[in-house]
Amino acid sequence: MMFATSAISRSLSLLLVFLGGLAPLRLERSEERFERYVNERHRCSLYYSPEKWRLQVQSGSGSEAAVFTALDAPEVMAVLNMFDPVPDLALHPRQLFDMDRGALATIFGGLTIHEERVLTLSGAAAHLVTFEGREKRVTRYTIVHQGFVYLLVYTAPKPKYDAYLPAFRLMVETFRIFGTGVPDADPRALSPEIIAEPAGERALRIRTQPDPVFVEVREGDQNWHYHLILANPHDVEVELLDVRVRYVGRGRVVEEARLDAAAIARAFESGTTRLPPKGSARWRDHAGHRAEGAPEEIAYTFVFRIGEHTFQQTHRVRLVRYVQKTRFTLPFRGVWRVWRGHDVFEGHRQRADAQAFAYDFVYERGESGRPPPKARAAAGSGRRSARTPRAPVMLGRSTTSERLADFHAFGRPVLAPADGTVVRAVDGEPDRPPVMTRLRFAHPAVENPRQLFGNYIVIDHGHGEFSLLAHLRRGSLRVKRGDRVRRGQVIAECGNSGTSAQPHLHFQVMDGPDPIRSRGLPVRFENYRLWRGGQAVLVRSGVPRAGDRVERVAEPARSPRSKAPRRRAHPRSFSRTFVETMRVGFAR
């Protein structure tokens, strides 16, 4: 089949559709015309130039093949074989290559391996081998993706191999595998100079912080947040040229974006697209919100230059909905306000560590149904009503305790949020003057948790979930390491120890006991009142937001496990009851 005339082209299009959903899509480029070879059945897309290659389609039992032949050199050929899914296929592309190695040796007259690499190509595991035989040079990709097997082979005489390699490489680089369907692509973004995705010494070191990324499901939205860390292991500078981002959900690309050099420079903290030799850069604030249906994966394809060569490399970010195992309740009595939450642009979430889903609570008033706390006299100053403006703090005119007493949260009881075992109980850190800590909002990256959290308690609730309650008042801890605690039990008092701007309670849930090196977990609270506009709404399970006023709803007292012995009936009462029953029976 030739693309010589438009009539032949239309006939070929109909034939391709009949053979299995193949449809060429014609795309124009200023200096070169591209056609897009699409196979919906096998979920692949391929660009090629009809001025340089002609296409022949072959279809057989369980497979299809697209044969590309160079127009001016019939002995130069590229073949794309597509095989239907193999049941229970669990073979690596390298294993598939080893299985038909003998057949290849017979066809090409022996194998002399010239190059061998394992790489990734748009989500598929691939094995690349370039070998020589009988004065020919052959490059073979064995690709496995979602059970499908793709074989992409390029063969040419040695003298002509390099001349036609760029055109074949263009087809390799544009080989795309999607879940279902093939979205539109911009052919101007394709370049025959880009080398297939590198492995080993040619690759960048890319990691997600944290990994995987937990999606928090709240009323009305789903959100996530993470950073990308790119490290350059080379002795030369790496320049980022282009980044393509694909949001994948249920095997489909639901959204796609492209960032040019200017956008990349704005995204990196360094403000540049260049990674220094043996250096790294952080791409921060990858945040997302969706009303529903958060993607399951976000794929980044980086195009970068090392010296005179240009590469592309794909990095995937996993998005996971975390399933909470423990029933948590608010760790205080009365109405408290979420002073700082963990929205994607707040300090807690930006750290992307154990504090990723943390809360800071400040006390406002007593429990519902009770009047607000009245002003209480103290030496020089005192606690005031939550509705009474706090008096300005005058440095040097009063003691630390008097200044801290101006905040209603200071000294309030702190409760265990769920049953568990205390694994850390740190006490002895001083309660700092609020005026001296206001400049430390940034939460410096410290290795000593005492410096950051002051006095704190960590409770192991089982199932890999640990809660941390921090900035506690010195000398107020009522539990020690190894103690068992019950939900609602008073374990300490709110204070202002550690890095704290004012007396408040810091609360977070994490996957380990170490408050620095663990990772944060999303948390939902059960049974609390949400106060808005003076009205309370009962929330059975929810995620408070910054600014919300919340109040724990006390659970009814638990019935003892061992029931009291039943009271035995008096013998005479039993006999009377039996007699009455018999009388009724005879009467009927």
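Residues numbered from 1 in each chain as written. Predicted model: local features only at pLDDT ≥ 70, side-chain atom pairs only at ≥ 80, totals over all residues. Heavy atoms only, no water.

**Focus: the overall build of the protein**
And step 1. The helix and strand tally for the protein stands at nine helices and 33 strands.
And step 2. In the protein, which comprises 588 residues, the proportion classed as buried is 51%.
And step 3. Residue pairs in contact within the protein that sit at least 24 positions apart in sequence constitute 62% of those at least 6 positions apart.
And step 4. On the protein, roughly 28,900 Å² of surface is accessible, and the fraction owed to carbon and sulfur atoms is 51%. (Helix = DSSP H or I, 4+ residues; strand = E, 2+ residues; numbered from the N terminus. Buried < 20%, exposed > 50% of the residue type's maximum accessible area, 1.4 Å probe, protein only. Contact = heavy atoms within 4.5 Å. Areas by Shrake-Rupley, 256 points an atom, 1.4 Å probe, with all protein chains shown as cover.)

**Things to note about the side chain of His315**
And step 1. Looking at the element boundaries, His315 is found in strand β21 (residues 309-321).
And step 2. Only 2.8 Å separates the side chain of His315 from the side chain of Thr208, close enough to count as a polar contact. (Polar contact = N/O pair within 3.5 Å; in protein donor to acceptor, adjacent residues only side chain to side chain.)

**A closer look at the packing of aromatic side chains**
Here a ring pair, both rings aromatic, is described through the centre-centre distance and the interplanar angle of the planes.
And step 1. Summed over the entire model, instances satisfying the criterion amount to 18 aromatic pairs.
And step 2. For the ring pair Tyr154 and Phe168, a centre distance of 4.6 Å and an interplane angle of 15 degrees mean the geometry is stacked. In this pair, Tyr154 is assigned in strand β10 (residues 148-157) and Phe168 in helix α4 (residues 158-173), connecting sequence segments 14 residues apart.
And step 3. Judged by its relative accessible area of 3%, Phe168 is buried.
And step 4. Note on Tyr359 and Phe361: the rings are 5.4 Å apart at their centroids and 20 degrees apart in plane angle, and the pair reads as stacked.
And step 5. What makes Tyr359 buried here is its relative accessible area of 0%.
And step 6. Judged by its relative accessible area of 0%, Phe361 falls in the buried class.
And step 7. We note Arg340 situated over the ring of Trp339; from NZ or CZ to the ring centre the distance is 4.1 Å. (Phe/Tyr/Trp six-rings, centres within 6.5 Å; stacked < 30°, edge-to-face > 60°. Lys NZ or Arg CZ within 6 Å of the ring centre and 35° of its normal.)

**Focus: the environment of Arg484**
And step 1. Summarising the element assignment, Arg484 is placed in strand β28 (residues 484-485).
And step 2. The class for Arg484 is exposed, based on a relative accessible area of 56%.
And step 3. Taking the C-alpha atoms as reference points, Arg484 and Asp460, separated by 24 residues in sequence, lie 9.5 Å from one another.
And step 4. Setting aside its immediate chain neighbours within four residues, Arg484 contacts Gly420, Thr421 and Gln489.

**Describing the pairing of β21**
And step 1. Alignment of strand β14 (residues 213-218) against β21, held across three bridges, turns out to be parallel. Residue Val215 lies in a different strand from β21, and its bridge partner there is Arg321.
And step 2. Where strand β20 (residues 297-306) meets β21, ten bridges bridge the pair, whose relative direction is antiparallel. Bridge pairing links Ile306 to His309 in β21.
And step 3. Where β20 folds back onto β21 in an antiparallel hairpin, the turn is made up of two residues, including Gly307, whose phi is positive at roughly 65 degrees. (Pairing = 2+ DSSP bridges.)

**As for the nonpolar core**
Soluble globular proteins tend to pack their nonpolar side chains together in the buried interior.
And step 1. Counting residues in hydrophobic clusters, the biggest one holds 38 residues, and the most contacted among them are Trp336, Phe361, Ile457, Ile491, Phe507 and Phe525.
And step 2. Ignoring sequence-local partners within four residues, the contact set of Phe361 consists of Leu330, Phe332, Trp336, Arg337, Val338, Trp339, His504, Leu505, Phe507 and Val550. (Core = buried A, V, L, I, M, F, W, Y, C linked by side-chain atoms within 4.5 Å.)

**A word on the pairing of strand β4 (residues 53-60)**
And step 1. Pairing geometry for β4 and strand β5 (residues 63-70), over eight bridges, is antiparallel. Pairing of Val57 across the sheet is with Ala66, part of β5.
And step 2. Counting the residues between successive antiparallel strands, the hairpin from β4 to β5 contains two residues, one of them, Gly62, with a positive phi of roughly 75 degrees.

**Thoughts on the sheet that holds strand β23 (residues 359-365)**
And step 1. With antiparallel pairing, the ten strands of this open sheet are ordered in space as β28-β25-β26-β27-β30-β23-β22-β33-β31-β32. With one partner strand each, in any of the chains shown, β28 and β32 (535-542) form the two edges of the open sheet.
And step 2. Pairing between strand β26 (residues 455-460) and strand β27 (residues 466-472): six bridges, direction antiparallel. Looking at β27, one finds that Ile457 is bridged to Leu469.

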